[in-house]
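Single-letter residue listing:
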Amino acid sequence: MARFLIVALVAATMGCFSCTPKPPENETPSTMPKAEVAPEPPGRADVAPKLVVLIIVDQLGNWVLDTYLPILPKSSLLRRVSEQGVYLQAAFPFASTQTAPGHTSLATGVPPSMHGVVANAVFDPERGPIKTVDDHQHKVIGNPERFVSPFAVLVPAVADSLRQKTDGEAKIVGISMKARAAVLSVGKSPTAAVFFDAKAKSLTTSTYYAPRGRLPEWLSDFVRANPVERLLEVWEPEQPHWLEAKLGPYAQDTEEGQATSSFAHDPKEAPDPYAAFSAVPESTDYLIAGAFAAVKAEGMGLDANPDLLVLGVSGTDIVGHMWGARSWEYADNLLRTDRALGRFASILESRGPVAFVLTADHGIAAMPERVRREGGSAGRIPHDSVIAHAERAADASLGAGDWIAAYVPPLITYTTAGKQRHRELTRVLTKAMPKLEGVRAAYDAHRGADLRASNRPIERLVGASLPADPPGDLYLVTNEGWFDALSDRGGTNHGTPWPYDRQVPILMWGTAIERRVSNRVHSALSVATTVAALLDVPAPVLAPQEPLPGVMRLHD
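Nothing here was measured: the structure is a model prediction, and the numbers come from that model.

**Considering the pairing of strand 12 (residues 307–313)**
Next up, step 1: The element strand 12 is extensively covered by neighbouring structure, given that 7 of its 7 residues are classed as buried.
Next up, step 2: Here strand 12 shows two buried faces, one formed by Asp307, Leu309, Leu311 and Val313 and the other by Leu308, Val310 and Gly312.
Next up, step 3: Sheet topology places strand 1 (residues 51–57) next to strand 12; 7 bridges connect them, and they run parallel. Each residue of the ladder has a partner; that of valine 57, found in strand 12, is valine 313.
Next up, step 4: As paired elements, strand 7 (residues 172–176) and strand 12 share 5 bridges and run parallel to each other. Following the sheet pairing, valine 173 is matched in strand 12 by leucine 309.

Printed below as a string of structure tokens:
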């Protein structure tokens, strides 16, 4: 139960059983049908895809996939694509490796300095910390206290190009357990953007996408036929003997060291079982079933216009935050996710020409306890410690006062008094903050252009994270191995400029994709250009000019 307490904190801080969901008795299943085999990754190269599927597996860093590829079963979709399709390495060219900026960059082909989405959450002087997608206007259906829209994105996405070229005829759907993953990846005018809400207890959307305050008919039918309550079951490993053979005996890393206990997690024991649902593998099956319901209802991939589906797989991130990427929990969840994606891909391929691009929005740090056992330096930095350290330093140099309004990683925001003395306060804090254990550097968030012109790589990465009008005043960079604490109960995090957070894999297969493998590290921003090329629409203006290797030029 202790770990499920973290779920609620992860959901609050970060925005947040392997079987197909069962329909009620005597009712026609609305979920995804089963398929016995994964698709043949190379696909067809003689036609253009009618459906492009961008799969963003939250938190699947390069090092994580490298850990699991050798031990995944031969039938694994990820393994087969890496061996038969396109398998590339990429890196995000900015420091703020969080879900919101990651998804927005993959969709627009530009860094946060251009698209404006710096972090998952920002500080609002009147409302406190709020989610980046919270416009305080468009209510979530089923939870009127929550608001969601893509208002923060400053530039067009590939989806906007597709909509413009097809005069609004193309079907564009974003779906994820996380709202920010669903809405930030499909532009300003998609057909649908669907996400999970714990209070609504189901997949839902907001009034930005459904102005009349009613769910689309297909989504309403899906929610009615697939109540989440029936999926709140105890999570136990499917193949414990395999897990022990590959990863060693079961153990949990905790702040006190390594404590061995059983692998049995019951979401019903959590303070909010529906929030905890996002942390069990059943949530990914539920999500993918919802995605297939959207594909069927909208007839995606079946007419003259190409369509775009963006599937944000969130469970890997929630599980990784709580148990770490080398845990039994992560491995068990990844196996089930891989199998569910394989079934989904196979079914989509049976419907017509389809191309798949699979990547991640960021990586993840290793558990600090493991790093320290192996002789490294690592740890969690509590938010309260950051604020207290900054206040003490400011008081010592500028006199007693109230200088710090909030720390919403990676940005410290000053109070009105602090903003009035911005230059002095920033000079003090850039010297003082690195004296806090785990902090490497602090930068003036209003000097993004200067940082982008720096000859120091880390400063250029920070600069690429900062738009002209940043939602904070001081950008904090942690030391390698260190990160912002999600809770006092342990876990791990991301959001740093270090390679384990910035580097992600890119796998592609299906129609118009040919075999390519490269050790070169590509820009993750090229994903947007690649998706545009597969859809045969112009890439966003400021995105990289060339698609990734492996995309056939069918339209020259």
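We are not done yet, so read on.
**Description of empty space enclosed by the protein**
Next up, step 1: Computed from the structure, the largest cavity encloses a volume of approximately 90 Å³.
Next up, step 2: Secondary-structure elements contributing two or more residues to the lining of the largest cavity are strand 18 (474–478) and strand 19 (482–484).
Next up, step 3: By residue number, the principal contributor to the lining of the largest cavity is strand 18, which donates 4 residues.
Next up, step 4: Class assignment of the residues belonging to the lining of the largest cavity gives a composition of 8 nonpolar, 5 polar and 1 charged.
Next up, step 5: Taken as a whole, the second largest cavity holds about 50 Å³ of empty space.
Next up, step 6: Contributing to the lining of the second largest cavity are Leu54, Leu106, Ala107, Val158, Ala159, Ser185, Leu308, Val310, Val527, Ala528 and Val531.
Next up, step 7: Elements with a minimum of two residues in the lining of the second largest cavity: helix 4 (99–108), helix 6 (158–165), strand 12 and helix 21 (526–535).
Next up, step 8: In terms of residue class, the lining of the second largest cavity is built from 10 nonpolar, 1 polar and no charged.

**A closer look at the layout of surface pockets**
Next up, step 1: Within this model, the second largest pocket holds a volume of roughly 560 Å³.
Next up, step 2: Lining of the second largest pocket is provided by 28 residues; of these, Val122, Phe123, Asp124, Pro470 and Pro471 occupy positions nearest its centre.
Next up, step 3: If you list the elements that add at least two residues to the lining of the second largest pocket, you get strand 3 (121–124), strand 4 (128–131), strand 16 (411–414) and helix 16 (416–420).
Next up, step 4: Looking at which element gives the most residues to the lining of the second largest pocket, the answer is strand 3, with 3 residues.
Next up, step 5: Across the lining of the second largest pocket, the residue classes tally to 15 nonpolar, 7 polar and 6 charged.

**A look at the pattern of salt bridges**
Next up, step 1: In this structure the tally under the stated criterion is 19 salt bridges.
Next up, step 2: The shortest N-O distance in the salt bridge between aspartate 473 and lysine 419 comes to 2.8 Å. You can see aspartate 473 sitting in the loop between helix 19 (457–463) and strand 18 and its partner lysine 419 sitting in helix 16, a full 54 residues away along the chain.
Next up, step 3: The exposure class of lysine 419 is partly exposed, given its relative accessible area of 43%.
Next up, step 4: Connected through shared salt-bridge partners, Asp58, Lys178 and Asp317 make up one network.

**A few points about a positive patch on the surface**
Next up, step 1: Together, Arg423, Arg427, Lys431 and Lys435 give the surface a local cluster of positive charge.
Next up, step 2: Relative to the assigned elements, lysine 431 resides in helix 17 (residues 422–432).
Next up, step 3: When its relative accessible area of 60% is taken as the criterion, lysine 431 is described as exposed.

**A look at helix 11 (residues 282–298)**
Since the α-helix turns once every 3.6 residues, residues separated by three or four places project in the same direction.
Next up, step 1: The end-to-end C-alpha separation of helix 11 is 24 Å, in line with the 24 Å expected for 17 residues at 1.5 Å each.
Next up, step 2: Here helix 11 lies mainly inside the structure; 14 of its 17 residues are buried.
Next up, step 3: Taken from the residues just after helix 11, glycine 299 is the one with a positive phi, measuring 60°.

**Re the environment of alanine 532**
Next up, step 1: Here alanine 532 shows up in helix 21.
Next up, step 2: Overall, the relative accessible area of 0% leaves alanine 532 in the buried class.
Next up, step 3: For the pair formed by alanine 532 and leucine 162, sequence separation is 370 residues and the distance between their alpha carbons is 7.9 Å.
Next up, step 4: Not counting chain neighbours up to four residues away, the residues in contact with alanine 532 comprise Val158, Val537, Pro538 and Ala539.

Thresholds applied
Residues numbered from 1 in each chain as written. Predicted model: local features only at pLDDT ≥ 70, side-chain atom pairs only at ≥ 80, totals over all residues. Heavy atoms only, no water. Buried < 20%, exposed > 50% of the residue type's maximum accessible area, 1.4 Å probe, protein only. Helix = DSSP H or I, 4+ residues; strand = E, 2+ residues; numbered from the N terminus. Pairing = 2+ DSSP bridges. 1 Å grid on protein atoms, 1.4 Å probe; cavity = no way out; pocket = protein on both sides within 12 Å on 5 of 7 lines; lining within 4 Å. Points joined across faces, edges and corners; volume = space filled by probe spheres on them. Nonpolar A, V, L, I, M, F, W, Y, C, P; charged D, E, K, R; others polar. Salt bridge = Lys/Arg side-chain N within 4 Å of Asp/Glu carboxyl O. Patch = residues over 30% accessible without salt bridge, like charges linked within 9 Å, V, L, I, M, F, W, Y side chains within 5 Å. Areas by Shrake-Rupley, 256 points an atom, 1.4 Å probe, with all protein chains shown as cover. Lys, Arg positive; Asp, Glu negative; His and termini not counted. Charge placed at Lys NZ, Arg CZ, Asp CG, Glu CD. Expected span 1.5 Å × (residues − 1). Contact = heavy atoms within 4.5 Å.

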